[in-house]
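Structural description and commentary
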Amino acid sequence: MAAETASTEARAGSSSGLTQLLDQLDRLWVEYLTFLDQYQAAQGNLKKQLSAGHFSLTQANFKPPNRRPYGQDYYDNRMKASRRYKIAPQDQTSLSMRFKVIDTTSSAKLAESAESAEKDAASEPQQQPSPPSTPTPDGHENLEKSTPTAEANAEEPAEDATASSHDPLRWFGILLPRELRSAQTSFCTVIEGPVESAANAIRGMRETEAKISKLRKAVRKVEKAEN
Amino acid sequence: MALPQSAYAAREFLAVIGDEHVTDPPDSQKNYLVVDQKTEVSTIEGAFDAFTKQRKDIAIVLINQHIADKIRGTVDGFGEAFPAVLEIPSKDHPYDPEKDSVMKRVRKLFGE
């Protein structure tokens, strides 16, 4: 009698363990299908953006000003990557890695340096230059209040020139068709949006796949033990 | 066991294996391969191996699907965590989910 009670309790325990495992498996399947949906959506967006980019490029090549199509002939081999990826944990508690796009173009760096310069200017008092040692011929002393921002303004055109020289569009000339800019925007959007999303979805699917396989084995083991 | 973040810190570039309509401007060490009708399969395989196994600075590899079909065995057999391999459509060859290695893994998991 006691042995029958013990075996019934053991069966109940293992069935509740099996139920828990099956619940975990269901949650992993939901996670996997979410990543699959993200991947398929990213492929759809990628297709749209690439099509738009190719279409704009074809339009730009339809009437090129010097009859040379916009292509590899214009490429500058000294070019550095304008977009890079960073692989970092999703959050502080998770071990899973995710991709993140970083814009390394000069305009992005200038925006950051401008923000930091504004912060510095707000925190530090502005210095007034000392008056000239010799008076001006008309006897008036003109104090030119040149602030640090004026010097910064003088530097801005030089930095703008540097920023524009890193733009690959500059390889193709100065007066560029609108369609070529539109093609660049489309292709950059591909890198920053769908590619990042698809790569993260692939990463998530691989991780979840491993967990599902492991859990399936555990479920089979428990089911075998019950039988 | 998951590798620490320092193992992936150097992976920051995008590599591309595609036809002339897809490849990006180059970096100092080329991270792209332009494939045309004369390009041999061994060259494509060599570039894929270089971007996925030899180089440690590639985070994502973009490859046109019709080019991936030429080295299908190698692409499907790649199972490392990084870099991520993403098949993309080209101007003349639309994306086919039936041939995508990612979707093949999904079907295998579902037991199809």
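As recorded by an unreviewed UniProt entry, chain A carries the name Vacuolar ATPase assembly protein VMA22 and is attributed to Elasticomyces elasticus.

**What to know about the overall build of chain B**
Within chain B, the secondary structure is distributed over 4 helices and 4 strands. When the elements of chain B are put in sequence order from the N terminus, they spell out β-β-α-β-α-α-β-α. Of the contacts made within chain B by residues no fewer than 6 positions apart, 59% connect residues no fewer than 24 positions apart.

**Side note on the overall build of chain A**
Scanning chain A from N- to C-terminus turns up 5 helices and 2 strands. In chain A, the succession of α and β elements from N to C terminus is α-β-β-α-α-α-α. Within the span of chain A, comprising 227 residues, buried residues form 28% of the whole. Contacts in chain A between residues at least 24 apart in sequence constitute 66% of all its contacts with a sequence separation of at least 6. Summing over all exposed atoms, chain A offers an accessible surface of approximately 15400 Å²; the carbon and sulfur share of this is 54%.

**Points about the interface of chain B and chain A**
Counting residues at the interface gives 39 residues for chain B, matched by 37 residues for chain A. Here chain B meets chain A over a buried area of about 3500 Å², counting both sides, of which 66% is carbon and sulfur. Taken together, chain B and chain A are joined by 1 salt bridge. For Arg105 of chain B, the salt bridge goes to Glu209 of chain A, with nearest N and O atoms at 2.7 Å. For the side of chain B that touches chain A, the secondary-structure elements that each account for two or more residues are strand 1 (13–18), strand 3 (58–64), strand 4 (84–88) and helix 4 (101–109) of chain B. The residue makeup of the side of chain B that touches chain A, split by class, is 25 nonpolar, 5 polar and 9 charged.

**Quick look at empty space enclosed by the protein**
For the structure on display, the rule yields 1 cavity of 30 Å³ or more. Lining the largest cavity, in full, are Tyr32, Ile202, Met205, Arg206 and Glu209 of chain A together with Val102 and Arg105 of chain B. If you list the elements that add at least two residues to the lining of the largest cavity, you get helix 5 (194–226) of chain A together with helix 4 of chain B. Ranked by residues supplied to the lining of the largest cavity, first place goes to helix 5 of chain A with 4 residues. Per-class residue counts for the lining of the largest cavity are 4 nonpolar, no polar and 3 charged.

**Structural notes on the sheet that holds strand 1 of chain B**
Taken in spatial order, the 4 strands line up as 2-1-3-4 (chain B) in an open sheet, and their pairing is parallel. Both edges of this open sheet fall to strand 2 (32–34) and strand 4 of chain B, since each of them pairs with a single strand only. Direction aside, neighbouring strands of the sheet carry axes that sit 20° apart on average. Taken together, the 5 bridges between strand 1 of chain B and strand 3 of chain B define a ladder with parallel strand orientation. Its bridge partner lying in strand 3 of chain B, Ile17 of chain B is registered against Ile63 of chain B. Sheet contacts for helix 5 of chain A: strand 1, strand 3 and strand 4 of chain B; angle to strand 4 of chain B, the most-contacted strand, approximately 125°.

**Re the packing of helix 4 (residues 178–192) of chain A against helix 5 of chain A**
Residue and element names in this part refer to chain A. Orientation of helix 4 relative to helix 5, taken along the N-to-C sense of each, is 20°, at an axis distance of 3 Å. Here helix 5 runs roughly parallel to helix 4, going by the angle between their axes. Contacts from Thr189, Val190, Ile191 and Glu192 of helix 4 reach helix 5 at Pro194, Val195 and Glu196. Partitioning the contact of helix 4 with helix 5 into residue classes produces 4 nonpolar, 1 polar and 2 charged.

**What to know about the nonpolar core**
If you look at the biggest cluster of nonpolar residues, it comprises 43 residues, and the most contacted ones within it are Tyr39, Tyr85, Phe99 and Val195 of chain A together with Ile60, Leu62 and Leu86 of chain B. By residue number, the principal contributor to this core is helix 1 (residues 2–62) of chain A, which donates 12 residues. Residues in contact with Ile60 of chain B, not counting those within four places in the same chain, are Tyr85, Phe99, Val195 and Ala199 of chain A together with Phe13, Leu14, Ala15, Pro83 and Ala84 of chain B.

**Some words on the confidence of the model for chain B**
All names here are of chain B. On average, residues of chain B carry a pLDDT of 85, and 85% of them reach 70 or more. Mean pLDDT across the secondary structure elements of chain B bottoms out at strand 1, with 84, and peaks at helix 2 (residues 65–68), with 94. Note that pLDDT drops below 50 for residues 24–28; the model gives that stretch 15 contacts with residues more than four away or on any other chain. Scored by ipTM, the complex comes to 0.84, with pTM at 0.73.

**Thoughts on the pattern of salt bridges**
Residues and elements named next belong to chain B. Under the definition given, this model contains 11 salt bridges over all chains. In this structure, Lys99 and Asp69 form a salt bridge, with 3.6 Å as the shortest nitrogen-oxygen distance. Of this pair, Lys99 sits in the loop between strand 4 and helix 4 while Asp69 sits in the loop between helix 2 and helix 3 (72–77); the two residues are 30 residues apart in sequence, bridging distant segments of the chain. Residue Lys99 is classed as partly exposed on the basis of its relative accessible area, which comes to 38%. Several salt bridges share partner residues, and in doing so they unite Asp69, Arg72, Asp76, Glu87, Lys99 and Lys104 into one network.

Rules behind the numbers
Residues numbered from 1 in each chain as written. Chains lettered and ligands numbered in written order. Predicted model: local features only at pLDDT ≥ 70, side-chain atom pairs only at ≥ 80, totals over all residues. Heavy atoms only, no water. Helix = DSSP H or I, 4+ residues; strand = E, 2+ residues; numbered from the N terminus. Contact = heavy atoms within 4.5 Å. Buried < 20%, exposed > 50% of the residue type's maximum accessible area, 1.4 Å probe, protein only. Areas by Shrake-Rupley, 256 points an atom, 1.4 Å probe, with all protein chains shown as cover. Buried area = accessible area lost by both parts, 1.4 Å probe. Salt bridge = Lys/Arg side-chain N within 4 Å of Asp/Glu carboxyl O. Nonpolar A, V, L, I, M, F, W, Y, C, P; charged D, E, K, R; others polar. 1 Å grid on protein atoms, 1.4 Å probe; cavity = no way out; pocket = protein on both sides within 12 Å on 5 of 7 lines; lining within 4 Å. Points joined across faces, edges and corners; volume = space filled by probe spheres on them. Pairing = 2+ DSSP bridges. Axes fitted to C-alpha atoms, helices over the stretch in contact; angles between N-to-C directions. Parallel < 35°, antiparallel > 145°, perpendicular 65-115°, else oblique. Core = buried A, V, L, I, M, F, W, Y, C linked by side-chain atoms within 4.5 Å. pLDDT = per-residue confidence, 0-100.

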